[in-house]
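Residues per chain are reported as follows:
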Amino acid sequence: MKIHRRSVLVLLTLIALLALSACAPPATPVAPPAAEPPAATDQPATTDQTTAEQPAAAAVTLTWALWGSPEEVVSHQRVADAFMAEHPEIKIEIWNQPWDDYFTKIQALWASGDTALIPDIAFLWPTPRYAAEGVLENLDSFIEQSGYNLDDYWPGLLESAKYQGSVYGFPRDIEVNVLYYNKDLFDAAGLAYPDETWTWDELTAAAEALTVPGERYGLAMEGGKFSKWLNQNGGAILDDYVNPSKCMLAEPASVEAVAFFADLMNKGYAMRPADLGQAGGDQAVFIADQAAMIIQNTSRVSGFNQAGKAYDVAVVPIPEGGQRWNAAGGAAWVMSAGSDAKDAAWTFLSWLQSTEGGEQVYTAAGEIFPALQSTANSPAFMTDQAPANKQAIIDEAAASGVGGFGYFPEWGELDGSVIGPGMDLIWSGEADPATALPALCEQVDAFLASYGYPK
Amino acid sequence: MSLPPAPRRSLFRWRPDQQWEGYLFLLPSLLGFAVFVILAVTMSLGISFTSWGLTGFRAFVGLDNYRALLRDPVFWQAVRNTAFYLVTIVPMQLALGLAMALALNQGLRATGVYRLIYFMPVVTTVVAGAIVFRLLLSNNGLINVWIQHFAQFTGLPVTPPNWLGSTRYARWAVVILTLWKNTGFTMVIYLAALQGVPRELTDAARVDGAGGWQRLRHVTLPMISSTTFFLFVYQAIGAFQLFTEPFVMTRGGPANSSLSVVQYIYLAAFRDIRMDKAAAMAWFLFIFIFAFTLIQNRLQRRWVYYETE
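Given the structure is predicted, the values throughout are model-derived calculations rather than measurements.

Caption draft 1: Inspection of the overall build of chain A at higher detail. Looking only at helices and strands, chain A features 18 helices and 14 strands. Taking all 455 residues of chain A together, the buried fraction comes to 58%. Within chain A, residue pairs in contact and separated by at least 24 positions form 75% of the contacts whose partners lie at least 6 positions apart. Within the structure as shown, chain A displays about 17,200 Å² of accessible surface, and the carbon and sulfur contribution to it stands at 51%.

Caption draft 2: Just the nonpolar core, in detail. Among the nonpolar cores identified, the biggest contains 198 residues, and Trp64(A) and Trp229(A) are the most heavily contacted of them. In terms of residue count, helix 13 (residues 275–303) of chain B provides more of this core than any other element does, 12 residues in total. Shared between two domains, this core holds at least three residues of each, these being domain 1 (60–174 + 329–378) and domain 2 (178–327 + 404–450) of chain A.

Caption draft 3: Here's a closer look at the sheet that holds strand 7 (residues 178–182) of chain A. All names here are of chain A. Judged by pairing direction, the sheet is mixed, and its 5 strands sit side by side in the order 9-8-10-7-11 without closing on themselves. The sheet terminates laterally at strand 9 (270–271) and strand 11 (311–314), the two strands that pair on one side only. Strand direction decides the pairing type here: strand 8 (residues 217–220) and strand 10 (residues 291–296), joined by 3 bridges, are parallel. What sits directly across from Tyr217, in strand 10, is Ala291.

Caption draft 4: Representation of the sheet that holds strand 3 (residues 121–124) of chain A in the model. Residues and elements named next belong to chain A. The 5 strands are arranged 2-1-3-13-6 in an open sheet whose pairing can be described as mixed. Only two strands of the sheet have a single partner each, and these edge strands are strand 2 (90–97) and strand 6 (169–171). Taken pair by pair, the neighbouring strands of this sheet meet at an average axis angle of 20 degrees, ignoring direction. The pairing of strand 1 (residues 60–67) with strand 2 spans 8 bridges and is classified as parallel. Across the sheet, the residue bridging to Trp67 is Gln97, located in strand 2. Together, strand 1, strand 2 and strand 3 form the strand contacts of helix 3 (residues 99–112), whose direction differs from that of strand 2 by roughly 120 degrees.

Caption draft 5: Representation of the pattern of salt bridges. Residue and element names in this part refer to chain A. Inspection of the entire model under this criterion finds 20 salt bridges over all chains. A salt bridge links Lys162 to Glu159, with the shortest nitrogen-to-oxygen separation between them at 3.4 Å. Between Glu222 and Arg300 there is a salt bridge, with the nearest N and O atoms lying 4.0 Å from each other. Taken together, the residues Glu222 in the loop between strand 8 and helix 8 (227–232) and Arg300 in the loop between strand 10 and helix 12 (301–307) connect sequence positions 78 residues apart. We classify Glu222 as partly exposed; its relative accessible area is 31%. Given a relative accessible area of 6%, Arg300 falls into the buried group. Connected via shared salt-bridge partners are Glu175, Glu222, Lys225, Asp282 and Arg300.

Caption draft 6: How the structure looks around the side chain of Asn231(A). The topology assignment puts Asn231(A) in helix 8. Ignoring any residue separated from it by four or fewer positions in sequence, one finds Asn231(A) in contact with Gln323(A), Trp325(A), Val402(A) and Gly403(A).

Caption draft 7: Quick look at helix 2 (residues 70–86) of chain A. Residues and elements named next belong to chain A. For helix 2, spanning 17 residues, the distance from its first C-alpha to its last is 25 Å, which sits close to the expected 24 Å at 1.5 Å a residue. Here helix 2 has its buried residues at Glu72, Val73, Ser75, His76, Gln77, Val79, Ala80, Phe83 and Met84. Looking at the buried residues of helix 2, the elements they touch are strand 1, strand 2, strand 13 (332–335), helix 13 (342–352) and helix 14 (358–364).

Caption draft 8: Geometry of the state of the cysteines. Residues and elements named next belong to chain A. Following the criterion strictly, the structure yields 1 disulfide over all chains and no others. Covalently, Cys247 is tied to Cys441 through a disulfide, its sulfur atoms 2.0 Å apart. Judged by the torsion about the S-S bond (-65 degrees), the Cys247/Cys441 disulfide is left-handed. Of this pair, Cys247 sits in the loop between helix 8 and helix 9 (252–266) while Cys441 sits in helix 18 (residues 433–450), placing them 194 residues apart in sequence. When its relative accessible area of 6% is taken as the criterion, Cys441 is described as buried.

Caption draft 9: Structural detail: the pairing of strand 1 of chain A. Residues and elements named next belong to chain A. Among the 8 residues that make up strand 1, 6 are buried, leaving the element largely enclosed by the rest of the structure. For the handedness criterion, the β-α-β arrangement of strand 1, helix 2 and strand 2 is classed as right-handed. For strand 1 and strand 3, the ladder comprises 2 bridges, and the chain directions are parallel. By the bridge assignment, Ala65 is partnered in strand 3 with Ala122.

Caption draft 10: Geometry of the packing of aromatic side chains. For the structure on display, the rule yields 63 aromatic pairs over all chains. Positioned above the aromatic ring of Tyr453(A), the side-chain terminus of Lys455(A) is 4.5 Å from the ring centre. Lying across the ring of Phe247(B), Arg251(B) places its NZ or CZ 5.6 Å from the centre.

Caption draft 11: Looking closely at a nonpolar patch on the surface. Residues and elements named next belong to chain B. Together, Val113, Tyr114, Leu116, Ile117, Tyr118, Met120 and Val123 give the surface a local cluster of nonpolar side chains, amounting to about 670 Å² of exposed area. One can find Ile117 in helix 4 (residues 111–123). Take Ile117: its relative accessible area is 43%, and that puts it in the partly exposed class.

Definitions and cut-offs
- Residues numbered from 1 in each chain as written.
- Chains lettered and ligands numbered in written order.
- Predicted model: local features only at pLDDT ≥ 70, side-chain atom pairs only at ≥ 80, totals over all residues.
- Heavy atoms only, no water.
- Helix = DSSP H or I, 4+ residues; strand = E, 2+ residues; numbered from the N terminus.
- Buried < 20%, exposed > 50% of the residue type's maximum accessible area, 1.4 Å probe, protein only.
- Contact = heavy atoms within 4.5 Å.
- Areas by Shrake-Rupley, 256 points an atom, 1.4 Å probe, with all protein chains shown as cover.
- Core = buried A, V, L, I, M, F, W, Y, C linked by side-chain atoms within 4.5 Å.
- Domains from an automatic or database assignment.
- Pairing = 2+ DSSP bridges.
- Axes fitted to C-alpha atoms, helices over the stretch in contact; angles between N-to-C directions.
- Salt bridge = Lys/Arg side-chain N within 4 Å of Asp/Glu carboxyl O.
- Expected span 1.5 Å × (residues − 1).
- Disulfide = S-S within 2.5 Å.
- Right-handed = clockwise from strand over helix to strand, strands pointing away.
- Phe/Tyr/Trp six-rings, centres within 6.5 Å; stacked < 30°, edge-to-face > 60°.
- Lys NZ or Arg CZ within 6 Å of the ring centre and 35° of its normal.
- Patch = residues over 30% accessible without salt bridge, like charges linked within 9 Å, V, L, I, M, F, W, Y side chains within 5 Å.

Here's what the structure looks like:
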């Protein structure tokens, strides 16, 4: 094969140019850009555009953007139909994308500025990031005019949809992490079931008793949920989650909490998060009896019920003298600032987020743990299906608060590029909390300073 | 009709005898190239000097994005990882590809079948390959089971690595996948080059008493050096631009240990909605690649042989 110098040069210049264009954003990213919203089901699936069939009488058409599997879209469509039956003047059209594509596509729609294309109501996470970009409608005036009741939300939950003190969205659900335990394995080990009196000591003892090396772990939990231990023990990630000035991970209470979880893994009682991911996630290992207990949100209920597991839930054990605590957050419905039918959009939004409306339909379908306390205490949630101990979920939800993540626009970057990777080293057993956390805090502080925090 | 004195042949100078229809045929792809490459590239250069979010332009910030990059430890981690990919993947790929090509160039039976098998990963979707390798390289995956058997069999103190879960091995997992995926391409190009090496040269060397290694070292390798140069630069650019392999297999983790620069560009653009930072990184990468290629182009005079010179 003869290659001439000149043709090599031309070719290389072309490749270099293409190299640059290849650096431009890829057209079809293959995975989610942001951290997964807590309580949304993590089942990305094929796209399925469903359009509501409604009489032509509708005066206003709203585009309703959401992600979801085909099954979820069926339930969204049921919600839309129920709304349209009550409000024949408004037509709802669903714009559905699989989770993998949703964020890039909706960003492109907003960036286009074309009101005909921009969805009026959209499902979103994290809300502050987009509010800062100016693409979301400030809902304060709508709330004030209609007297919409914000007190029905679980404590701290609305903070996740606020930006600069204003409400920009309504979380549809709340991530409530509870302890799932396998009753058969507890019975076989002759252990008492966990209850609200359990502390970290009881949890450690049970995890040890349930562990069979090489076969089963006592406990499995995703690394990203470690803020639960932190806040239970009085520790924290940041000193302020809206306008942070410093990292708190190196404080003694934080180090102690991180060390508690790391010790469970180092002793082999808890599965390392990287191994958990490779084994197919906590749902898979719990069903396969590879983990006797998991800590996870309510999205696992339907899977375990389908698998016919003998299980129940309990509140997550707390340290001696600690407090019950749950990170308040969930993907929210937002209104686009570029919506061309804001009043109709508000009518739909406030209906979605009411116990009489959307909240009840989703909850009764078993898809969410509702954002509204009144819905959780209604028959829609209090069914006789497993798990039996639904009160544990309500108790954890009532202990919800700020502290699981930041509410400033750069949080996603801080968590994804600095904190998450730093914690990876501890969870993998490569670093010791007592030395790794102060080093991590230096990086977090440098990051905050680079963005001008505190502002 | 008198013609002007022999004009310099130029791509852009219009000559009356030229056929304009040719350009018409080129127009659709030229338009596409102009909009999706030239315009996008020019835009990204502009964006890199601004503050630019989801809704577009906010302010001119001069070199701030570039300065911030220099202080960003994650960016430098990504640069180090990419350098690691460069120095591992490129030489290994060339050596393996050449070895395979030499083996297939012996004129064995069923060469076509082997060529097909070795080339198959090249046309396999990298995402599918990454998912399969995730399983192969998982803790209880096939590769670790083999390593365990090997250790038991030989009695050597080998423990199977945690390929995807430890910062020491995650980058190697990406290297393994990339080698599997791309070596077939290197092999095919080398195979074509080997078949272009004149038979009389190797025969002459043989007559002069050169052994197999000497013929390879002093005849074959110099004769295919232009191919080696092309593959070297081409694969190096590929290594600079590694994205899908770490993105699908390791997500850049654990602890950013396998994060590539292009992956970080993607995260900046679509996770953090920092189009400005992403554009600045893209230009940084372009400068890296361009400088690297330029240096290689200079150095080639020392070792690359062109038959026409």
